[in-house]
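Commentary on secondary and tertiary structure
Now for the letters of each chain:
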Amino acid sequence: PTSELARAAVSVRLHALIQGFNLLLIPLTTVLSCNALLAAGLLQPALRDGMVVMGLLPTTINMCVALSRSSGGDEAVAIFNAVLGNLLGVLLTPYLLLKLVGSAGALSAADTLQKLATRVLLPLLVGQLLRPPLQGAGVLAGRRKLLSRSSESLLLLIVYSTFCDTFLRGFGVPPATLAGLLAFVA
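Residues numbered from 1 in each chain as written. Predicted model: local features only at pLDDT ≥ 70, side-chain atom pairs only at ≥ 80, totals over all residues. Heavy atoms only, no water.

Remarks on the overall build of the protein chain
- The helix and strand inventory of the protein chain stands at eight helices and zero strands.
- Counting from the amino terminus, the protein chain carries its helices and strands in the arrangement α-α-α-α-α-α-α-α.
- When its C-alpha atoms are laid out on the principal axes, the protein chain stretches across 60 × 35 × 30 Å.
- Looking at the 186 residues of the protein chain, the share that counts as buried comes to 22%.
- Partitioning the contacts of the protein chain with sequence separation of at least 6, the portion at a separation of at least 24 is 68%.
- Surface exposure of the protein chain reaches about 12,300 Å², of which carbon and sulfur atoms provide 70%.
- In the protein chain, 13 side chains carry a positive charge and 7 a negative one; their mean positions are 3 Å apart. (Helix = DSSP H or I, 4+ residues; strand = E, 2+ residues; numbered from the N terminus. Buried < 20%, exposed > 50% of the residue type's maximum accessible area, 1.4 Å probe, protein only. Contact = heavy atoms within 4.5 Å. Areas by Shrake-Rupley, 256 points an atom, 1.4 Å probe, with all protein chains shown as cover. Lys, Arg positive; Asp, Glu negative; His and termini not counted. Charge placed at Lys NZ, Arg CZ, Asp CG, Glu CD.)

Shown next, in the form of structure tokens:
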């Protein structure tokens, strides 16, 4: 509910800790470990760059909520930090990519913020506005578990579809690089 999001929004120290972990510590750890593996000859440069890119990206909102829900965590804090992390990521990720991977590119911050607003903030706002009338009409009563399972199932479907699409189109990665990635994550 909106009241839970408002309560979560004022936990400034918690948000600073979470954002520092997600946007600073994880990228730093990824860069350092990938550079060490690259220097040892255990990682190819293209795989290193790909892993650094993945380490720099903010987490997805669906994943934050699903993992928080399944672990009994605070969903309002998860939603707030996922949205905040994605907004900060729009500003930080391109800069860090240029510094750490060393590639040039053109990205419109206005277009990115507009897409983020329509895909993240608008659904969150609409959900918060629809919640009171739906609760008042009794539509949500007794359906929390069903709605939770539906959300988790849709997330699983997205991951499965992406996985299938990857195999259908091919990896575009040499077998040695793929073996190195699998060894790294194992």
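Let's talk about the nonpolar core
- In terms of nonpolar packing, the biggest core is built from 14 residues, with Ile61, Ile79, Val83 and Val120 touching the most fellow members.
- Contributing elements (two or more residues each) for this core: α1 (2–9), α4 (61–71), α5 (75–100) and α6 (109–136).
- Per-element tally for this core: the top contributor is α5, with seven residues.
- For Ile61, the residues in contact, after removing those within four places along its chain, are Ala82, Val83, Asn86 and Val120.
- Within the second largest apolar cluster, seven residues are counted, among which are Val31, Leu43, Val52 and Leu56. (Core = buried A, V, L, I, M, F, W, Y, C linked by side-chain atoms within 4.5 Å.)

Things to note about the pattern of salt bridges
- Taken as a whole and judged by the stated rule, the model has four salt bridges.
- The residue Arg7 makes a salt bridge to Asp74 at a minimum N-O spacing of 3.2 Å. Placement of Arg7 in helix α1 and of Asp74 in the loop between α4 and α5 is noted, with a sequence separation of 67 residues between them.
- Residue classification places Arg7 among the partly exposed positions, given a relative accessible area of 42%.
- Classification of Asp74 as partly exposed rests on a relative accessible area of 34%. (Salt bridge = Lys/Arg side-chain N within 4 Å of Asp/Glu carboxyl O.)

Re the packing of helix α2 (residues 12–39) against helix α3 (residues 45–56)
- Relative orientation of the contacting elements α2 and α3 amounts to 170 degrees, with a least axis distance of 8 Å. Judged by the inter-axis angle, α2 sits roughly antiparallel to α3. On the side of α2, the interface is formed by Ile26, Pro27, Thr30, Val31, Cys34, Asn35 and Leu38, while α3 contributes Pro45, Arg48, Met51, Val52, Gly55 and Leu56.
- When grouped by side-chain class, the residues that make up the contact of α2 with α3 number nine nonpolar, three polar and one charged. (Axes fitted to C-alpha atoms, helices over the stretch in contact; angles between N-to-C directions. Parallel < 35°, antiparallel > 145°, perpendicular 65-115°, else oblique. Nonpolar A, V, L, I, M, F, W, Y, C, P; charged D, E, K, R; others polar.)

Section: the confidence of the model for the protein chain
- Residues at a pLDDT of 70 or more form 94% of the protein chain, whose mean pLDDT is 83.
- In the model of the protein chain, helix α8 (residues 175–185) stands out as the element of lowest mean pLDDT, 74, in contrast to α2, which has the highest, 93. (pLDDT = per-residue confidence, 0-100.)

Some remarks on the environment of Arg13
- Secondary-structure assignment places Arg13 in helix α2.
- Residue class for Arg13 comes out exposed when judged on its relative accessible area of 77%.
- Spatially, the C-alpha atoms of Arg13 and Arg149 are 31 Å apart, while their sequence positions differ by 136 residues.

What about the packing of α2 against α5?
- Where α2 contacts α5, the two axes come as close as 10 Å, and the packing angle between them is 35 degrees. Between α2 and α5 the crossing geometry is right-handed. Between α2, through Leu14, His15, Ile18, Gln19, Leu23 and Val31, and α5, the contact on the second element is made entirely by Val77, Phe80, Asn81, Leu84, Gly85, Leu88, Leu92, Leu96 and Leu100.
- Its residues placed into classes, the contact of α2 with α5 shows 11 nonpolar, four polar and no charged. (Left-handed = near helix turned anticlockwise from the far one by under 90°.)

Considering the environment of Phe163
- Mapping Phe163 onto the fold places it in helix α7 (residues 144–169).
- For Phe163, a relative accessible area of 52% translates into the label exposed.
- In the structure, Phe163 is positioned 129 residues away from Cys34 in sequence and 24 Å away in space, judged by C-alpha atoms.

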